[in-house]
Amino acid sequence: MTRRYSALSLFKEGLAGQTGWKQAWRSPEPKASYDAIVIGGGGHGLATAYYLARNHGIARVAVLEKGWIGGGNTGRNTTVVRSNYYYPESVEIYGLAHRLYEGLSKDLNYNVMLSQRGMVNLCHSTAEMEIGARTVNAMQINGIDAELFSPEDVRRVAPIYNFSPDARFPVFGGIWQGRAGTARHDAVAWGYARAASRLGVDIIQNCEISDFIVEGGRCRGVQTTRGTIRAERIGMAVAGHSSVLADKAGFRLPINSYALQACVSEPVKPILDTVVLSPGTGVYVSQSDKGEIVIGGGLDRIPSYAQRGNLPTLETVISGLLEMFPIFGQLKLMRQWAGIVDVVPDSSPIIGESPLPNLFLNCGWGTGGFKAIPAGGTLLANLLATGKHNDISRPFDLDRFASGRLIDEAAGSGIAH
Amino acid sequence: MQLFPCPFCGPRDETEFHYGGDAGNTRPDGGDVPIDRWANYLYLRSNPKGTAREIWVHMNCGEFFVMERDTLTHKILSSAELGGEHA
Ligand SMILES: Cc1cc2nc3c(=O)[nH]c(=O)nc-3n(C[C@H](O)[C@H](O)[C@H](O)COP(=O)(O)OP(=O)(O)OC[C@H]3O[C@@H](n4cnc5c(N)ncnc54)[C@H](O)[C@@H]3O)c2cc1C
Ligand SMILES: [Zn+2]
């Protein structure tokens with residue numbers, strides 16, 4: 001029976017006809033009560049459960065997922081991992097996530113296929129170059145690796161970009177983060193699930209939360225499609241569905257849900273070994289290990305819970321792609337899909353106790369929370385274990401909207417993902 | 001491509017419209033509005049899954065109006081010019 005994954009176990013299983021692999025995580029029946037419940041089996045929920053067990057020794061924990069784990073945005077995202085943000089608060093949180101990602105495969109004993117292939121955010125004008133220099137300076141002052149790229153540097157890392165003299169979005173340079181890259185989205189969900197389950201966490205799928213149990217003004221548990229489950233503390237990480245659950249808990253959030261779509265081409269031979277983002281087209285592109293060109297763009301402009309995405313936005317994204325990379329004109333698209341993302345006015349996450357005491361929030365990651373999963377999990381776990389913020393999560397509390405201390409990354413780093 | 005009904009111009013491409021927020025989110029008035037009331041007005045959103053009453057603007061004619069929509073199916077339920085009751 002193979003429990004630990006290694007080159008040796010792979011070899012042995014090969015000899016044994018692959019018959020000894022065990023289920024990666026248990027699927028137990030839900031218990032009547034837990035020390036902590038985490039609602040939502042995306043990356044953030046699963047990571048929360050793992051760090052509760054690993055960092056705080058709290059393993060009587062259940063993750064309650066209405067569908068299948070990773071079936072929300074975590075399994076739908078374009079997997080860019082980076083920490084090129086502007087404000088110190090953001091650098092703390094995304095920097096923590098980035099460092100944890102670098103050790104994650106070892107930590108979880110699960111290959112999340114982190115590929116630090118670097119990412120360039122292009123600058124298309126002299127003015128954008130000035131902003132680029134400011135961003136690079138801010139990142140360096142905050143201790144994040146960043147480099148200002150010349151047009152020649154960009155040509156070196158992305159020679160297939162449209163450098164023709166009549167290009168609509170010419171390259172004046174770019175912001176380079178060498179430690180940025182991609183990771184395997186499913187592996188992040190599955191790796192956390194497996195590691196959490198091995199520490200005693202119950203992963204319960206097909207379990208939708210329909211209501212909260214409130215006693216003495218505090219949240220004490222949840223009603224689910226698989227019965228009533230009580231807990232000392234409850235956390236929720238349900239991304240685009242945060243407002244739906246908040247409504248059941250009796251409060252509103254500063255969130256609008258939108259569809260964010262992405263698409264991939266048929267697999268082709270290696271042609272792009274970095275991540276390229278153009279603020280001019282709003283499109284960013286990478287190539288998966290399988291060879292597919294992975295294409296992402298901006299939000300659909302209509303508030304939505306329909307997990308599919310509409311045509312005008314797809315057209316905008318594809319025309320942007322072809323402007324950036326005319327060579328992709330012959331590519332066939334294979335799949336297109338969307339996830340429902342939780343968009344907050346300042347494009348920063350919400351982490352902290354909700355207006356219903358004893359219910360804790362991890363949401364508002366919008367279009368860019370995959371890269372933050374290890375940090376979101378660490379911070380929600382800390383809140384559930386201690387009931388208190390630490391210095392990293394404090395600025396992201398819901399109270400920033402009343403106090404006016406927004407962390408406006410939409411304006412600061414100007415990148416959506 | 002979806003068609004949205006502008007009460008003034010009739011059915012038009014969705015790309016001609018811009019979302020303007022929850023209908024009925026009225027701006028607080030007066031000098032002593034509590035902080036929470038301001039924060040509610042500025043930031044808190046209903047964001048329903050299902051029927052929503054929303055303000056939209058048709059960017060071609062420039063008119064604001066109220067549209068009722070299902071945010072899950074994208075079905076349009078009604079569209080009407082702004083009434084005197086301040087949406
Ligand atoms: C197309 C696209 C591209 C993206 N690209 C990037 C990128 O390149 N880089 C990046 O960093 N981020 C990216 N993101 C954002 C990123 O995917 C999300 O921010 C992140 O995955 C959120 O993780 P999560 O665990 O909070 O949410 P999710 O993975 O969505 O998990 C939430 C879970 O909660 C469950 N749930 C909801 N309601 C209930 C209920 N009532 N009861 C029980 N369970 C419930 C859902 O089924 C879901 O599985 C992208 C997103 C999309 C859609
Ligand atoms: Zn009109």
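Rules used throughout
- Residues numbered from 1 in each chain as written.
- Chains lettered and ligands numbered in written order.
- Predicted model: local features only at pLDDT ≥ 70, side-chain atom pairs only at ≥ 80, totals over all residues.
- Heavy atoms only, no water.
- Donors = N, O, S within 2.8 Å, 3.2 Å for Na, K, Ca; no water.
- Tetrahedral: all angles 85-135°; square planar, octahedral: opposite > 155°, others 65-115°.
- Helix = DSSP H or I, 4+ residues; strand = E, 2+ residues; numbered from the N terminus.
- Buried < 20%, exposed > 50% of the residue type's maximum accessible area, 1.4 Å probe, protein only.
- Lys, Arg positive; Asp, Glu negative; His and termini not counted.
- Salt bridge = Lys/Arg side-chain N within 4 Å of Asp/Glu carboxyl O.
- Polar contact = N/O pair within 3.5 Å; in protein donor to acceptor, adjacent residues only side chain to side chain.
- Contact = heavy atoms within 4.5 Å.
- pLDDT = per-residue confidence, 0-100.
- Near = heavy atom within 4 Å.
- Areas by Shrake-Rupley, 256 points an atom, 1.4 Å probe, with all protein chains shown as cover.
- Nonpolar A, V, L, I, M, F, W, Y, C, P; charged D, E, K, R; others polar.
- Axes fitted to C-alpha atoms, helices over the stretch in contact; angles between N-to-C directions.
- Parallel < 35°, antiparallel > 145°, perpendicular 65-115°, else oblique.
- Left-handed = near helix turned anticlockwise from the far one by under 90°.
- Buried area = accessible area lost by both parts, 1.4 Å probe.

1. Points about the coordination of the zinc ion (ligand 2)
Residue and element names in this part refer to chain B.
Phase 1: Within the protein, the zinc ion (ligand 2) binds to C6 (SG), C9 (SG), H58 (ND1) and C61 (SG); these donor distances fall in the range 2.0 to 2.3 Å.
Phase 2: Coordination at the zinc ion (ligand 2) is tetrahedral, judged from the four donor atoms that bind it and the angles of 107 to 115° they form at the metal.
Phase 3: Here the donor residues of the zinc ion (ligand 2) share one chain and are spaced in sequence as C-x2-C-x48-H-x2-C.

2. Remarks on the side chain of D342 of chain A
Residue and element names in this part refer to chain A.
Phase 1: Here D342 lies in strand 16 (residues 333-343).
Phase 2: Look at D342: it is buried, it has no salt bridge, and the nearest opposite charge is R400 at 10 Å.
Phase 3: Looking at D342, its side chain comes within polar contact range of the main-chain nitrogen of G364, at 2.7 Å.
Phase 4: In contact with D342, other than residues within four places in its own chain, are A239, G240, S242, I255, N256, C363, G364, W365 and G366.

3. Describing the confidence of the model for chain B
Phase 1: Across chain B, the average pLDDT comes to 94, with 95% of residues at 70 or higher.
Phase 2: Interface confidence for the predicted complex, given as ipTM, is 0.95, next to a pTM of 0.97.

4. Looking at the site of ligand 1
All names here are of chain A.
Phase 1: Around ligand 1 sit 38 residues in total, of which E65, N73, T74, T78 and K371 are the nearest.
Phase 2: K66 places a polar main-chain atom, nitrogen or oxygen, 3.1 Å from a nitrogen atom of ligand 1.
Phase 3: Contacts to ligand 1 include T78, whose side-chain N or O atom sits 2.8 Å from an oxygen atom.
Phase 4: In the complex, the protein chains occlude 97% of the 1000 Å² of accessible area that ligand 1 would expose alone.
Phase 5: By residue number, the principal contributor to the shell around ligand 1 is strand 12 (residues 256-267), which donates three residues.
Phase 6: Taken together, the residues of the shell around ligand 1 break down into 15 nonpolar, 18 polar and five charged.

5. Remarks on unusual backbone geometry
All names here are of chain A.
Phase 1: The phi dihedral of T79 is positive, around 65°, even though this residue is not glycine.
Phase 2: Tracing the backbone through its elements, the reader meets T79 in the loop between strand 2 (61-64) and strand 3 (80-81).
Phase 3: Despite not being glycine, N206 has its phi angle at roughly 55°, a positive value.
Phase 4: Tracing the backbone shows N206 in the loop between strand 8 (202-204) and strand 9 (209-215).
Phase 5: Note on N206: relative accessible area 56%, which makes it exposed.

6. Focus: the packing of helix 2 (residues 43-56) of chain A against helix 7 (residues 185-198) of chain A
Residue and element names in this part refer to chain A.
Phase 1: It is the contact of helix 2 with helix 7, at a shortest axis distance of 9 Å, that shows an interaxial angle of 30°. What the angle tells us is that helix 2 and helix 7 run roughly parallel. The handedness of the crossing between helix 2 and helix 7 comes out as left-handed. In contact with L46, A47, A49, Y50 and Y51 of helix 2, helix 7 contributes A189, Y192, A193, A195 and A196.
Phase 2: Of the residues contributing to the contact of helix 2 with helix 7, the split by class is ten nonpolar, no polar and no charged.

7. What about the interface of chain B and chain A?
Phase 1: Each partner contributes residues to the interface: chain B has 27 residues there, and chain A has 25 residues.
Phase 2: Overall, the association of chain B and chain A removes approximately 2200 Å² of surface from exposure, summing both partners, and the carbon and sulfur fraction of that is 53%.
Phase 3: Three residues stand out in chain B for area buried against chain A, namely Y43, N47 and K49 of chain B, and they jointly supply 30% of the buried area on that side.
Phase 4: Inspection of the chain B/chain A interface yields zero salt bridges.
Phase 5: Counting only elements with at least two residues in the side of chain B that touches chain A, the list comes to strand 3 (17-22), helix 1 (35-43) and strand 4 (51-58) of chain B.
Phase 6: Residue contributions to the side of chain B that touches chain A peak at five residues, all from helix 1 of chain B.
Phase 7: The residue inventory of the side of chain B that touches chain A, partitioned by class, reads twelve nonpolar, eight polar and seven charged.

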